[in-house]
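Observations on the model geometry
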Amino acid sequence: MIRTEKQGFRELLIIVLPYFVLCAAYATMVVFLEEYFGDHILKLSAQIGSVFGLAVAFFLGFRMNSAYDRWWEARKIFGELTNTTRSFSAKIYTYIQTPSNLVADADNSKSVVASELMDLTCCFINQLKNEIHEKPHPSYTEEAKLLFEIYNIDLNNKVSNEILMALSLKIEQIFSDKANFEKSDLMQHINQFYNIQGKAERINNTPFLKIYSAFTRVTVTIYVLMIPFIIGDIDIGGEESYLELLAIPLFAIVSTLFLTINKLANLYGDPLEENKTSVPIEKICQNIIANCQEVKRKW
């Protein structure tokens, strides 16, 4: 996760530098060919560059906005997960504190019940994170395996769904008929977990306009290849002056800008992947689990 502008500059430099080197090498080759075969022989009309450049800028602008919308939606989903989990854990602690809310057997072991509910919630957070990162069956701890065995969670099925069903069943079992409001309130949180799970899977499993992405990449690449021919050399100080070599860094900078914007759009278009520009899922889930553990320690 990029937390500071300085750190962001370093990450940007890692992306930009290879593009700049390649574009500079290509620009050097074009300038050399132009000087060797004769000035302006390879130069194209500036009007072609203007029209083509405007189209490329339009495509990149739309793509960047769309990619950022996906990133922001993913961030809102995990913000909702944080708020829902905190509310769920706090209400479990509050509702179980009242003996009249529980059935007779649960009242004698309410601390154990609350602890198991917190552990199941933590398991759901971990499992949701792993499933988003394409790890549906990670290495579980011995405590998690024991908990799964107690609640008959089938690891051959979708484990996150199994955990939510186990939570729902346990809530139905431990709360008495007098606690219909409390039971209904907690079940609404379970429904919110399902909604969050579905939203995250929708972003993760829906390709981000792959045909449009491929078309934009081809368009940008063609435009970058045309830039040296459109601009031509820079005749500063006459033909014998080496100042015309300033055209090389100019070509490289302009080309790198277009390529970098397209690359950033690709990165932001996959907000749940494990890269520097993605939503910091790992950190968010760690904070959620830490909050659950704080509530659990109150027992």
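The text that follows walks through the structure, step by step, so that each part is easy to find.

What counts, and at which threshold
- Residues numbered from 1 in each chain as written.
- Predicted model: local features only at pLDDT ≥ 70, side-chain atom pairs only at ≥ 80, totals over all residues.
- Heavy atoms only, no water.
- Helix = DSSP H or I, 4+ residues; strand = E, 2+ residues; numbered from the N terminus.
- Expected span 1.5 Å × (residues − 1).
- Buried < 20%, exposed > 50% of the residue type's maximum accessible area, 1.4 Å probe, protein only.
- Arc of directions from axis to C-beta.
- Phe/Tyr/Trp six-rings, centres within 6.5 Å; stacked < 30°, edge-to-face > 60°.
- Contact = heavy atoms within 4.5 Å.
- Core = buried A, V, L, I, M, F, W, Y, C linked by side-chain atoms within 4.5 Å.
- Salt bridge = Lys/Arg side-chain N within 4 Å of Asp/Glu carboxyl O.
- Axes fitted to C-alpha atoms, helices over the stretch in contact; angles between N-to-C directions.
- Parallel < 35°, antiparallel > 145°, perpendicular 65-115°, else oblique.
- Nonpolar A, V, L, I, M, F, W, Y, C, P; charged D, E, K, R; others polar.

The terminal C-alpha atoms of helix α10 (residues 281-297) lie 24 Å apart, and with 17 residues this matches the ideal 24 Å at 1.5 Å per residue to within 8%. Those residues of α10 lying buried are Ile281, Ile284, Cys285, Ile288, Ile289, Asn291, Cys292 and Val295. Down the axis of α10, the buried side of the element spans an arc of 155 degrees, and every buried residue falls inside it.

For any two aromatic rings, the description comes down to two numbers: the centre-to-centre distance and the angle of the planes. Counted under the stated rule, the structure contains nine aromatic pairs. Pairing Phe59 with Phe215 gives two aromatic rings, centres 5.3 Å apart and planes at 80 degrees, and the pair type is edge-to-face. A residue pair is termed long-range when its members are at least 10 positions apart, and Phe59 in helix α2 (residues 46-97) and Phe215 in helix α8 (residues 210-231) qualify at 156 residues. Seen in terms of ring centroids, Phe124 and Phe193 are 5.2 Å apart; in terms of plane orientation they differ by 55 degrees. Their pairing is tilted. Linking Phe124 in helix α4 (residues 110-132) with Phe193 in helix α7 (residues 180-205), this pair joins segments that are 69 residues apart in sequence. Side by side, Phe124 and Phe193 carry an identical accessibility label, which is buried.

Our focus in this paragraph is the environment of Glu182. Position of Glu182 relative to the elements: it lies in helix α7. A relative accessible area of 16% means that Glu182 is categorised as buried. C-alpha separation for the pair Glu182 and Ile96, spaced 86 residues apart in sequence, amounts to 9.5 Å. Excluding residues that lie within four positions of it along the chain, Glu182 makes contacts with Tyr95, Asn101 and Phe175.

Turning next to the environment of Ile132. Here Ile132 lies in helix α4. Using a relative accessible area of 4% as the deciding quantity, one classes Ile132 as buried. Every residue in contact with Ile132, bar those within four places of it in the chain, is listed here: Phe78, Ala200, Asn204, Leu272 and Ile281.

For the rest of this paragraph, the subject is the nonpolar core. Within the largest apolar cluster, 51 residues are counted, with the highest numbers of intra-cluster contacts made by Phe78, Leu81, Ile96, Ile163 and Phe175. Looking at this core, the elements with two or more residues in it are α2, α4, α5 (142-150), α6 (159-174), α7 and α10. Sorting elements by how many residues they give to this core places α4 first, with eleven residues. Apart from the residues within four sequence positions on either side, Phe78 is in contact with Ile132, Leu272, Ile281, Ile284 and Cys285. Listed in part, the 18 residues of the second largest apolar core include Val31, Val224, Ala252 and Phe258.

Two side chains bearing opposite charge may form a pair once their charged atoms approach each other closely. This model, assessed by the stated rule, comprises nine salt bridges. For Lys296, the salt bridge is made with Asp119, and the minimal N-O distance between the two is 2.8 Å. Of the two residues, Lys296 sits in helix α10 while Asp119 sits in helix α4, which places them 177 residues apart along the sequence. The class of Lys296 is partly exposed, set by a relative accessible area of 24%. With a closest N to O distance of 3.6 Å, Lys183 and Glu172 form a salt bridge. Highlighted residues: Lys183 in helix α7 and Glu172 in helix α6, separated in sequence by eleven residues. A relative accessible area of 12% means that Lys183 is categorised as buried. Put simply, Glu131, Lys158 and Glu201 are held in one network by salt bridges that share partners.

Here we come to the packing of α4 against α10. The contact between α4 and α10 brings their axes to 9 Å, and the two run at 175 degrees. Overall, the two elements α4 and α10 adopt an arrangement that is roughly antiparallel. Listed contacts from α10 to Ser115, Met118, Asp119, Thr121, Cys122, Ile125, Asn126, Lys129 and Ile132 of α4 are Ile281, Glu282, Cys285, Ile288, Ile289, Cys292, Gln293, Val295 and Lys296. Residue composition of the contact of α4 with α10, grouped by class: ten nonpolar, four polar and four charged.

With that out of the way, let us pick up the side chain of Thr121. You can see Thr121 is positioned in helix α4. Sequence-distant contacts of Thr121, that is, excluding residues within four places in its chain, are made with Thr85, Phe88, Leu167 and Cys292.

Another point: the side chain of Thr219. Counting through the fold element by element, Thr219 comes out in helix α8. Judged by relative accessible area, which is 8%, Thr219 ranks as buried. With residues near it in sequence (within four places) discarded, Thr219 still touches Phe52, Val56 and Phe59.

The backbone of Glu134 sits at a positive phi, close to 60 degrees, despite the residue not being glycine. You can see Glu134 is positioned in the loop between α4 and α5.

When the terminal C-alpha atoms of α4 are compared, their 33 Å separation across 23 residues agrees well with the 33 Å that a helix rising 1.5 Å per residue should span. By the criterion of burial, α4 is predominantly enclosed, with 18 of the 23 residues buried. Trailing α4 by a residue or two, Glu134 shows a phi angle of about 60 degrees, which is positive.

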